Structure formats: structure tokens, C-alpha cells
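# Breakdown of the fold
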Amino acid sequence: ATTCATPYTFNGVVYSTSGIYSDTFTASSGCDSLITLQLTIDPKPLPPTAASFVYCQFDLAYPLYAVGTGLTWYGPGATPGYSAAPTANTAIPGNDTFYVTQSVSGCPSDSTMDVVTVKPRPAPPVTGDTVYCQQQAATQLTAKGNNLAWYNGPIGGTPLTAAPTPSTTAAG
């Protein structure tokens, strides 16, 4: 018999180490029978090692990752186990807690907690409309916010080292 890190009961006797054990049974007819138990108690494997993730809200998330054998994932919340690593939902800021176990030779480990943190997307910076007359001297643009980053285009573009100063050469 093989068991995972737990004692084994054989004919009313509890065994907690691997080995070969014998016992005699006496039937109601008075005949004796010798039975032998070859017992292997496999050790409980260590929990797997998991990598925690931190995302910004609405970031593209990747499946969770853990190092181990025969991984089973749980969460968030009470869920049945599944073998495919889950992908966190980044639409809602906060923490999601997942758990993962590994199974070695059919023996499950204790679980490892894997917390995914989703940080809220910051509010957009506050800007005001600026109106210049053509050929009027312009000043550098300003905005209120933290860690502002300026770009030379409305979507993406090239990062600028400082806030731009608009050109007033052409109307528009």
C-alpha cells in the first residue's frame, strides 16, 4: 500500500513509517492466515513557488506562474481546482488571491498563496483650453497632475522631455 504523508491503519494497528509488516488472522474455523503489508509512505511535497503580479488597471494580464509539478490552481474565492493557470482580471482595482498546489507521485502539497494586485488607473491630468492669436508669442503648456508625461501626438507619439510650446505661425 502507498499513502501520502499520513499514517496507515492495518488490522487496527497504525503505521507511520514505510516498511514491511505482517499479521496473523485467525478465521472462525481456527485456521490461521499470514498477511503481509508492504507499506510506502511518500513524503508530502513542498508547496510550489509562485510569482506575484502587480498590474495597472486595464493592463493586459498574463497567466499566473508557479514552479512545481502537477500544479492545481484555485481562486479567486472558493473554486474547484483547475490545471490551467488563471489570468487575473485587471478591470477592477484591488487584490485577487489565488492558491496553487503541486502533486508529486500523487501526493498533494500544501497551497501557496499568490496575490495579484491591480492598481487603479490615475485620473487624467487637468488641462485648460489655451487660445493664441497667429504670430502671438506662446508659452509652454501646463497641466495639473502627478508624474506628467508629454507626447508629440494625440495617441502614443514620441515622449517629450518637457511640456511643449505651441507654434503660432499658422492659424488652426
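Quick caveat: nothing in here was measured; it's all calculated off a predicted structure. (Residues numbered from 1 in each chain as written. Predicted model: local features only at pLDDT ≥ 70, side-chain atom pairs only at ≥ 80, totals over all residues. Heavy atoms only, no water.)

Let us look at the pattern of salt bridges. Inspection of the entire model under this criterion finds one salt bridge. Among the salt bridges present, the one from D110 reaches K44, with a minimum N-O distance of 3.0 Å. With D110 in the loop between β12 (107-108) and β13 (112-119) and K44 in the loop between β5 (32-42) and β6 (49-51), this residue pair connects regions lying 66 residues apart in the sequence. For D110, a relative accessible area of 43% corresponds to the partly exposed category. A relative accessible area of 45% means that K44 is categorised as partly exposed. (Salt bridge = Lys/Arg side-chain N within 4 Å of Asp/Glu carboxyl O. Helix = DSSP H or I, 4+ residues; strand = E, 2+ residues; numbered from the N terminus. Buried < 20%, exposed > 50% of the residue type's maximum accessible area, 1.4 Å probe, protein only.)

Let us now look at the nonpolar core. One finds Y55, A61, L64, A66, L71, W73, A88, F98, V100, V116 and V118 forming the largest nonpolar core, which totals 11 residues. Of all elements in the fold, only β10 (94-101) and β13 reach the threshold of two or more residues within this core. In contact with L71, other than residues within four places in its own chain, are P48, A66, Y82, S83, V100, T101 and Q102. Residues F10, L37, L39 and I41 belong to the second largest nonpolar core, which totals six residues. (Core = buried A, V, L, I, M, F, W, Y, C linked by side-chain atoms within 4.5 Å. Contact = heavy atoms within 4.5 Å.)

Along the chain, T161 falls in the segment after β15 (159-160). Distance from T161 to D129, taken between C-alpha atoms, is 22 Å for residues 32 residues apart in sequence.

Time to look at the environment of L60. Structurally, L60 can be placed in the loop between β7 (53-56) and β8 (65-67). Take L60: its relative accessible area is 65%, and that puts it in the exposed class.

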